[in-house]
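Working through the structure, step by step
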Amino acid sequence: FRMSVSSKSSKDSGKDSVKLERTEISEEDRALIEELRGRIKRELDLVPAYNDDISLLRWLVGWDRKIDVVVPKIKFSLRSIHALGLHKEDFSSLDKITAYCDACSVPLQWLPGSLVGIDKDGNVLSLQMIGRLDAPSLMPCTRNSDLYRMRIAESEGVMSIIRKKEKAEGRQLGTSVIFDLDGMSMSMVDMTALKTITTMLSQLQEMFPDVLRKIFVINVPPFIQLLWSLIVPALAKQTQQKIEILNENWKERLKEAIGEDVLFEHWGGTRKHEKGEYGFVRTGGKAPASMKYDKANDIPDAKLTTLKVPARNTAFVPITVEGPAPATGKRRLFWWWRVDSGDVGFSVLRAAEGREAVAEHDDDDVMQPRFRLQTVFVPEDGEIDATEPGTYKLVFDNTHGKVWSKTIKYFAEIRIVE
């Protein structure tokens, strides 16, 4: 990947604007859409909002119209959205999306950046103040999975806005992103955090393909080449081609491409806000030390079970729930675990009938989506509804580990809660 610094003038700005015309779908693509629709009927029943031609076309285009590649990826995405309950949320405005994401994790309110508005081409604008990310103070405060949930919820919220606009306008839309690196230094580059972020970026691109329209990088530090070499492998080729690294005239370029009425004053726009030049954009900074997870709260080793997961393998813990739901209270499955090093894929499934003895099967119900998680700072814990009898499976996936086995120490139990 080659970086290029842009200094486009206003006379070139017309090239960036999306023509406001309806998206035409060819007969060949319509046939592929119908084939895709038929092969993912179960998933579209779970998340009906995706059952429209433009949404399904986005998936086909994002994966080069290779339908056998698309099917497992869109199945994973829709099942994950359903398992997280996002299909039931009210994401009708950017404010509601932000409020939901803020509630995912209090420490993640120190994650800099926010959804800002709609750019002049109708795309949702996200502004990420990467240079103000204090990963060393933030990582010890929150679970890895909270970051996944927040970013997936934000992405699905944005897709909800986009789908509504697409239906009204009959044309395909997407997102514009500004990465502001102001304040970044090599001392801020935390390798554990960087791996977590790049792994999450890869998953978001798989779950929400062909959405990015423009990416602008501003306030670039001198060591960007080194940093870029670490991040770029996580980006799809289509994404790399949309990146524009701007020079000192970046404010003019953003006004041309985004619209000055959308940008807050700090980024060269005319938009004012009671909070000042940054508007409501989260500005990050050092997370309070009081939020740091205390390992004294770990479950004692005496209560934990050890599970070894060989390299290139998957292991699971079956938990059988029998009998009807309790007359009072709710039946819940709780878990807690740590991995000895690196990361491991983790998901929770409810086994389809006859599939209780295998780790994963396409007919299983996804209760907790698979995320690749590390527990260097904060252990993973969670709970799901276990009202339905059957076998629930805590699945630990080490198939991405080419050499090293993983050792998991976990605790799991069924509880009745009021």
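Residues numbered from 1 in each chain as written. Predicted model: local features only at pLDDT ≥ 70, side-chain atom pairs only at ≥ 80, totals over all residues. Heavy atoms only, no water.

As named in an unreviewed UniProt entry, the chain is CRAL-TRIO domain containing protein, taken from Pristionchus entomophagus.

Residues of helix α11 (residues 250–257) that are buried: Trp250, Arg253, Leu254, Glu256 and Ala257. Down the axis of α11, the buried set is contained in an arc of 160°. They therefore lie on one face. Within two residues after α11, Gly259 carries a phi angle of roughly 115°, on the positive side. (Buried < 20%, exposed > 50% of the residue type's maximum accessible area, 1.4 Å probe, protein only. Helix = DSSP H or I, 4+ residues; strand = E, 2+ residues; numbered from the N terminus. Arc of directions from axis to C-beta.)

Formed by 72 residues in total, the largest nonpolar core has its most connected members in Trp337 and Phe396. Looking at which element gives the most residues to this core, the answer is helix α7 (residues 144–169), with nine residues. In contact with Trp337, not counting residues within four places along its chain, are Val344, Phe346, Leu373, Thr375, Pro379, Glu380, Phe396, Ile408, Lys409 and Tyr410. In this structure, Leu246, Val262, Phe264 and Trp267 belong to the second largest nonpolar core, which totals 17 residues. (Core = buried A, V, L, I, M, F, W, Y, C linked by side-chain atoms within 4.5 Å. Contact = heavy atoms within 4.5 Å.)

Turning to the packing of helix α1 (residues 27–39) against helix α4 (residues 67–83), a few remarks are in order. It is the contact of α1 with α4, at a shortest axis distance of 10 Å, that shows an interaxial angle of 45°. Between α1 and α4, the interaxial angle falls into the category oblique. Like other packed secondary-structure pairs, α1 and α4 cross with a definite hand, here right-handed. Taken together, the residues of α4 that come into contact with α1 (itself represented by Leu32, Glu35, Leu36 and Arg39) are Ile67, Asp68, Val70, Val71, Ile74 and Lys75. (Axes fitted to C-alpha atoms, helices over the stretch in contact; angles between N-to-C directions. Parallel < 35°, antiparallel > 145°, perpendicular 65-115°, else oblique. Left-handed = near helix turned anticlockwise from the far one by under 90°.)

Our next topic: the sheet that holds strand β7 (residues 305–309). Taking strand neighbours across the sheet as the criterion, the four strands line up as β7-β14-β9-β12 in an open arrangement whose pairing is antiparallel. Every interior strand has two partners, whereas the edge strands, β7 and β12 (380–385), have only one. Geometrically, the sheet is characterised by an average inter-axis angle of 30° between neighbouring strands, direction not taken into account. Note: strand β9 (residues 330–339) against strand β14 (residues 406–417), 10 bridges, orientation antiparallel. Note on β14: the bridge partner recorded for Leu333 is Ile414. (Pairing = 2+ DSSP bridges.)

What follows is about the UniProt feature "domain: GOLD" (unreviewed entry) in the chain. When the UniProt feature table is mapped to this numbering, "domain: GOLD" (unreviewed entry) covers residues 302–414. Strand forms 57% of residues 302–414 and helix 0%; the C-alpha atoms that close the span are 18 Å apart. (UniProt positions renumbered as here; feature names shortened; annotations may be inferred.)

In space, the four strands of this open sheet follow the order β8-β13-β10-β11, with antiparallel pairing throughout. At either end of the open sheet lies a strand with only one pairing partner, and these are β8 (314–321) and β11 (365–374). Averaged over all pairs of adjacent strands, the angle between strand axes in this sheet comes to 15°, irrespective of strand direction. Both β8 and strand β13 (residues 390–397) contribute to a ladder of eight bridges, which runs antiparallel. From the neighbouring strand, Phe316 faces β13, where its bridge partner is Val395. Packing against the sheet, helix α8 (residues 191–207) makes contact with β10 (343–350) and β11, and its axis sits at approximately 145° to β11.

Right, let's talk about empty space enclosed by the protein for a bit. Any empty space left between the atoms is revealed when a probe the size of a water molecule rolls over them. Applying the stated rule across the entire model yields one cavity of 30 Å³ or more. Its boundaries defined by the atoms lining it, the largest cavity holds a volume of some 40 Å³. Lining the largest cavity are Tyr50, Ser55, Arg58, Trp59, Met159, Met207, Phe208, Pro209 and Val211. Ranked by residue count, the leading element in the lining of the largest cavity is helix α3 (residues 53–62), at three residues. Looking at the lining of the largest cavity residue by residue, the class counts come to seven nonpolar, one polar and one charged. (1 Å grid on protein atoms, 1.4 Å probe; cavity = no way out; pocket = protein on both sides within 12 Å on 5 of 7 lines; lining within 4 Å. Points joined across faces, edges and corners; volume = space filled by probe spheres on them. Nonpolar A, V, L, I, M, F, W, Y, C, P; charged D, E, K, R; others polar.)

Scanning the entire structure with this criterion turns up eight aromatic pairs. Seen from their ring centres, Tyr148 and Phe371 are 4.7 Å apart, and the 20° between their planes marks the pair as stacked. Residue Tyr148 is found in helix α7, and its partner Phe371 is found in strand β11; the two are separated by 223 residues along the sequence. The exposure classification of Tyr148 matches that of Phe371, with both residues buried. On the numbers, 5.1 Å between centres and 85° between planes, the contact of Phe264 with Phe280 is edge-to-face. Note that Phe264 is positioned in the loop between α11 and β7 and Phe280 in the loop between α11 and β7, a separation of 16 residues in sequence. Residue Phe264 is classed as buried on the basis of its relative accessible area, which comes to 2%. Taken together, Trp335, Trp337, Phe346 and Phe396 form an aromatic cluster joined through their ring pairs. (Phe/Tyr/Trp six-rings, centres within 6.5 Å; stacked < 30°, edge-to-face > 60°.)

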